[in-house]
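Here is what each chain is made of, one letter per residue.
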Amino acid sequence: MCLGAVCLGLSVSALAQPVASDVSAEIRRTTFGVPHIRAADERGLGYGIGYAYAQDNLCLLANEVVTVNGERSKYFGPQALTLEQRDNLASDVFFNWLNTPEAVAAFWQAQNPEVRDLIEGYVDGYNRQLSERKNLPAECDNASVRPLTPQDLVKLTRRLLVEGGVGQFAEALVAAAPPQATAQVETRAGQFEIAAERMQRFALDRGSNAVAIGSERSQTGRAMLLANPHFPWVGGMRFYEMQLTIPGKLNVMGAALPGLPLINIGFNQHMAWTHTVDTSKHFTLYRLELDPKDPTRYLLDGQSTPLTKQTVTVNVKQADGSVQPVSRVIYSSVFGPVVQWPGKLDWNDHTAFSLRDANLQNDRVLQQWYAMNQANSLDALQASVSKIQGIPWVNTLAVDDQGQALYMNASVVPYVDAAKLAACSDPRAGLEMILLDGSRSACAWTIDPSAAQKGIYPASKLPQMRRNDYVQHANDSAWMANPNAPQTGFSPLISQDSQPLGLRARFALQRLGQPGRLSINDLQGMVMDNRVYLAGQVLPDLLKVCEGASAADKPTLTQVCASLKNWDQQANLNSGIGLVHFQNIMVPLLEVENVWRVPFDPSDPQHTPRGLDLEQPAVREAVRTALLASAAAVTEAGLSADVTWGDIQQVSRGTQHTPIHGGPAALGVYNAMQSVAGEGAKREVVSGTSYLQTVTFDEHGPQAQGVLAFSISSDPASPHSQDQTRAFSNKQWQKLPFTEEQIKADPSYQRVQIKSQHP
């Protein structure tokens, strides 16, 4: 007999495949445990990345691998939920549909030798670290943990690709069944409401801020970059910080997503870049006209065509511990899978809906980021993006050591121009989700031979601009990246202009519009000041209502109004309870029709809308109601008048709780934080500012500072599971060691050389 964890450790060790005998990597760790990985080639570099990542985040990656392999029901049962609050069975059906052996093999075949070596090395390094563990952490001490294969990393990559498309419709794809048919996978009550909330939060959970300053606006005359991605603090989108070096070929530092053997956001000797989630469309829906005789057939150019059927089988753990297969049929048209969303996208006797996701054919994404990692100038960066076109659903902002700033909205976008949109879409559907006519092949995406993929826009027709002053982005369209050069005239699928800006963008433009040159401290202050931009637009009006409160309301509103008046209009740890009241008040007010005193004006997007229209009785009453409701909510929560934001918003690691500054993006807080109700009146951070980075250049190369807000390790037992979180809480940026001299001089410097074992 033996303990389960020990036996499991032995079993995974026995299954781990030996690696080639000439593979080695050097892993140097500096302050906060950040790994600086150096190897002679891509195979060795991947080996070091996988080994280091498994040291810090083995359970995280193991859990994601189970998910993308569609095996959660097998190990944990069908009713348990994923981190995304999707039940395991629905998740498994979706990922078995997405990651078929054929799709995974085709993706692998499309990779160049360098990317294959990086992936295979990563797998070998992870598996070596797994085999060295005598015991697994309690959170993943179960039978699902096993050695990786290259196919696992391909599946992880394909999951990331469809995050901006069909991945948001997993429940709708799984639920789709012909009229009168009984689904073999039942939809859990409330699942579509959760899916709708998840879709609405996509840009929030995976939003970002970015500012690129050119030589004309920089205090030193050198370009500067602020990277402030807002990503989840748990799960498969949690950034990992590292430096990757192949002498003479590659030297890049920054942050990567789990399972990716390269840098997604970072800097090298000559260039720094970051990304923001874009507003471009990466999929379209097609309304299918069904054959009146058979709802599993549709009419295309007048011809009745059968929907194709794909049987997906999931192994499901039963109550008695046995495992039984459950099968589900996924239907597809020539445009893509049929999706069914009750009340929105219904499959009836006349109509069904297909979804076409451009990123399902994007097998270039890893090659794209590796080329970006190696780019030594903005010219090289733009050339790689124009040729490869592998960016899935983000904008790119970058600077180089020549003082230039770049903005690109160069992601994978379906080629549907304004003329085709007018001819093929129903204007009543609006532009929030593009719905095209699926009864005519003429409504298929346009094929441009100069594009890297059939049916997408070539890079030459997407927004790109270089500036010597600045560009910025905060999850709006390309329109106001720089107000001095508005980006207009693009297909609505690419960028829509003359639309209200988000409050974070207005805040950034306000700061950048001030006279004078900017410093690195100014860029860092945009985040760390925690200014609540919306307060400047409406707080005077809220206080007017307070001043005019009736005698009956005054006893209830006295404390609310005093806290609003005394509040510093920030979301810092020491900010008062006025911040809580302001959130409570503004959430319902922003839903009130015609609430603004000055409505949005396309000719003045930086300053409109603003002010509350208190001349309208309905608006004034809505403010009064919101004030009273906030007073009641705070009293019910038991929050005292002297409570601070740091007493409320936190992140927990076991019994340790770290206060976190920042606040909702909806209020115009640049340091956007998404937190959910926790125990008592506490709020637990789940997403927001993640990897913070500022970079400039001097005669010696890049000068970078940063902090990984949630720390490098997700293992609660690691000494590096909370150290950067505390630094972030204290607003402490760390100088990022990049040169050999800087790395070796770091007070926490440690070095390990790992070499493969002979078979």
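Residues numbered from 1 in each chain as written. Predicted model: local features only at pLDDT ≥ 70, side-chain atom pairs only at ≥ 80, totals over all residues. Heavy atoms only, no water.

- An unreviewed UniProt entry annotates the protein chain as Acylase originating from Pseudomonas saxonica.

1. Here we look at the environment of glutamine 732
Move 1: Its location among the elements puts glutamine 732 in the loop between α21 (723-729) and β29 (734-735).
Move 2: For the pair glutamine 732 and arginine 222, spaced 510 residues apart in sequence, the C-alpha to C-alpha distance is 23 Å.
Move 3: When sequence neighbours within four positions are dropped, the list of residues in contact with glutamine 732 reads Val707 and Ala727. (Helix = DSSP H or I, 4+ residues; strand = E, 2+ residues; numbered from the N terminus. Contact = heavy atoms within 4.5 Å.)

2. Some details on the pairing of strand β26 (residues 683-689)
Move 1: Here β26 lies mainly inside the structure; five of its seven residues are buried.
Move 2: Examined bridge by bridge, strand β23 (residues 649-653) and β26 share two bridges and lie parallel to one another. The residue bridging glutamine 650 from the neighbouring strand is glutamate 684, located in β26.
Move 3: As paired strands, strand β25 (residues 673-677) and β26 are joined by five bridges and run antiparallel to one another. (Buried < 20%, exposed > 50% of the residue type's maximum accessible area, 1.4 Å probe, protein only. Pairing = 2+ DSSP bridges.)

3. Looking at the pattern of salt bridges
Move 1: Counted under the stated rule, the structure contains 22 salt bridges.
Move 2: The salt bridge involving aspartate 529 is made with arginine 511; its shortest N-O contact spans 3.1 Å. With aspartate 529 in the loop between α15 (520-528) and α16 (533-547) and arginine 511 in helix α14 (residues 503-512), the pair connects residues that are 18 residues apart, well separated along the chain.
Move 3: With its nearest N and O atoms 3.1 Å apart, the salt bridge here joins aspartate 541 to arginine 597. Residue aspartate 541 is located in helix α16, and its partner arginine 597 is located in strand β21 (residues 596-598); the two are separated by 56 residues in the primary sequence.
Move 4: Given a relative accessible area of 5%, aspartate 541 falls into the buried group.
Move 5: For arginine 597, a relative accessible area of 43% puts it in the partly exposed group.
Move 6: A single salt-bridge network, built from bridges that share partners, covers Glu26, Arg28, Arg38, Glu740 and Arg751. (Salt bridge = Lys/Arg side-chain N within 4 Å of Asp/Glu carboxyl O.)

4. Brief notes about the state of the cysteines
Two cysteines, two sulfur atoms, one covalent bond between them: this is a disulfide.
Move 1: Applying the stated criterion across every chain yields a total of three disulfides.
Move 2: Bridging cysteine 59 to cysteine 140, the disulfide has an S-S length of 2.0 Å. Looking along the S-S bond of the cysteine 59-cysteine 140 disulfide, the torsion reads about -60 degrees, which is the left-handed sense. Here cysteine 59, found in helix α2 (residues 42-68), pairs with cysteine 140, found in the loop between α6 (113-132) and α7 (150-161); they are 81 residues apart in sequence, far enough to count as distant. Of the two residues, cysteine 59 and cysteine 140, both sit in the buried class.
Move 3: Two residues, cysteine 546 and cysteine 561, share a disulfide whose sulfurs are 2.0 Å apart. Of note, the bridge from cysteine 546 to cysteine 561 carries an S-S torsion of about -85 degrees and is left-handed in sense. With cysteine 546 in helix α16 and cysteine 561 in helix α17 (residues 554-566), this pair connects stretches of sequence that are 15 residues apart.
Move 4: Take cysteine 561: its relative accessible area is 11%, and that puts it in the buried class. (Disulfide = S-S within 2.5 Å.)

5. Here we look at the environment of threonine 308
Move 1: In this structure, threonine 308 sits in strand β12 (residues 308-317).
Move 2: The exposure class of threonine 308 is partly exposed, given its relative accessible area of 48%.
Move 3: The spacing of threonine 308 and serine 332 is 24 residues in sequence and 5.2 Å in space, taken between C-alpha atoms.

6. Re the nonpolar core
Move 1: Core analysis: the largest hydrophobic core is formed by 230 residues, its most contacted members being Phe94, Leu381 and Phe582.
Move 2: Ranked by the residues each element gives to this core, the list is headed by α2, at 14 residues.
Move 3: Discounting residues that sit within four places of it in the chain, phenylalanine 582 has contacts with Val532, Leu534, Ala535, Val538, Leu539, Leu542, Leu564, Trp567 and Leu667. (Core = buried A, V, L, I, M, F, W, Y, C linked by side-chain atoms within 4.5 Å.)

7. Details of the packing of aromatic side chains
Move 1: Summed over all chains, the structure comprises 15 aromatic pairs.
Move 2: Centre to centre, the rings of tryptophan 567 and phenylalanine 582 are 5.1 Å apart; their planes meet at 40 degrees, and the pair counts as tilted. Linking tryptophan 567 in the loop between α17 and α18 (578-589) with phenylalanine 582 in helix α18, this pair joins segments that are 15 residues apart in sequence.
Move 3: Taken together through their ring pairs, the aromatic side chains of Tyr53, Tyr122 and Tyr240 make up a single cluster.
Move 4: A cation over an aromatic ring shows up here: arginine 356 above the ring of tryptophan 445, its NZ or CZ 3.8 Å from the ring centre. (Phe/Tyr/Trp six-rings, centres within 6.5 Å; stacked < 30°, edge-to-face > 60°. Lys NZ or Arg CZ within 6 Å of the ring centre and 35° of its normal.)

8. Let's talk about the packing of helix α5 (residues 101-109) against α7
Helix-helix packing: each pair is described by the crossing angle between the helix axes and the interaxial distance.
Move 1: Look at α5 against α7: their axes get within 10 Å of each other, and the N-to-C directions meet at 95 degrees. Classified by the interaxial angle, the pair formed by α5 and α7 is roughly perpendicular. Contact residues: Ala103, Val104, Phe107 and Trp108 in α5; Pro150, Gln151, Val154, Lys155, Thr157, Arg158 and Leu161 in α7.
Move 2: Looking at the contact of α5 with α7 residue by residue, the classes come out as seven nonpolar, two polar and two charged. (Axes fitted to C-alpha atoms, helices over the stretch in contact; angles between N-to-C directions. Parallel < 35°, antiparallel > 145°, perpendicular 65-115°, else oblique. Nonpolar A, V, L, I, M, F, W, Y, C, P; charged D, E, K, R; others polar.)

9. A closer look at the side chain of glutamate 26
Move 1: By the secondary structure assignment, glutamate 26 is in strand β1 (residues 24-29).
Move 2: A polar side-chain atom of glutamate 26 sits 2.6 Å from a polar atom in the side chain of arginine 38.
Move 3: If sequence neighbours within four positions are ignored, glutamate 26 has contacts with His36, Ile37, Arg38, Arg751, Val752 and Gln753. (Polar contact = N/O pair within 3.5 Å; in protein donor to acceptor, adjacent residues only side chain to side chain.)

10. Some words on the sheet that holds strand β6 (residues 250-256)
Move 1: Taken together, ten strands build an open sheet; the order of strands is β19-β17-β16-β8-β7-β6-β5-β2-β1-β30 and the sheet is mixed. Both edges of this open sheet fall to β19 (464-467) and β30 (750-755), since each of them pairs with a single strand only. Adjacent strand axes in the sheet meet at a mean angle of 15 degrees, parallel and antiparallel pairs treated alike.
Move 2: Looking at chain direction, β1 and strand β2 (residues 35-38) are connected through four bridges and run antiparallel. Bridged to glutamate 26 within β2 is arginine 38.

11. Quick word on the confidence of the model for the protein chain
Move 1: Confidence in the prediction for the protein chain averages 94 pLDDT; 93% of positions are at 70 or higher.
Move 2: pLDDT under 50 marks residues 1-19. Its contacts with residues more than four places away, or in other chains, come to 27 contacts. (pLDDT = per-residue confidence, 0-100.)

12. Let's talk about α17
Move 1: Taking 1.5 Å per residue as the helical rise, α17 with its 13 residues ought to reach 18 Å, and the 17 Å between its terminal C-alpha atoms agrees with that figure.
Move 2: Those residues of α17 lying buried are Leu557, Val560, Cys561, Ser563 and Leu564. (Expected span 1.5 Å × (residues − 1).)

13. Looking at the side chain of serine 333
Move 1: Along the chain, serine 333 falls in strand β13 (residues 323-333).
Move 2: By relative accessible area, serine 333 is classed as buried at 10%.
Move 3: Within polar-contact distance, the side chain of serine 333 engages the side chain of serine 354 at 2.7 Å.
Move 4: Not counting residues within four places of it along the chain, the set of residues in contact with serine 333 comprises Leu288, Tyr298, Leu307 and Ser354.

14. Some details on the packing of α17 against α18
Move 1: Axis separation between α17 and α18 bottoms out at 8 Å; the angle between their running directions is 110 degrees. Accordingly, the angle class assigned to the pair α17 and α18 is roughly perpendicular. Where α17 approaches α18, its residues Val560, Ser563 and Leu564 are matched on the opposing element by Gly578, His581, Phe582 and Ile585.
Move 2: Split into classes, the residues belonging to the contact of α17 with α18 amount to four nonpolar, three polar and no charged.

15. Things to note about unusual backbone geometry
Move 1: Cis geometry marks the peptide bond from threonine 608 to proline 609; its omega dihedral reads 0 degrees.
Move 2: With respect to the element layout, proline 609 can be found in the loop between β21 and β22 (610-612).
Move 3: In this structure, phenylalanine 32 is a non-glycine residue whose phi angle is positive, near 70 degrees.
Move 4: Looking at where phenylalanine 32 falls in the secondary structure, it is placed in the loop between β1 and β2.

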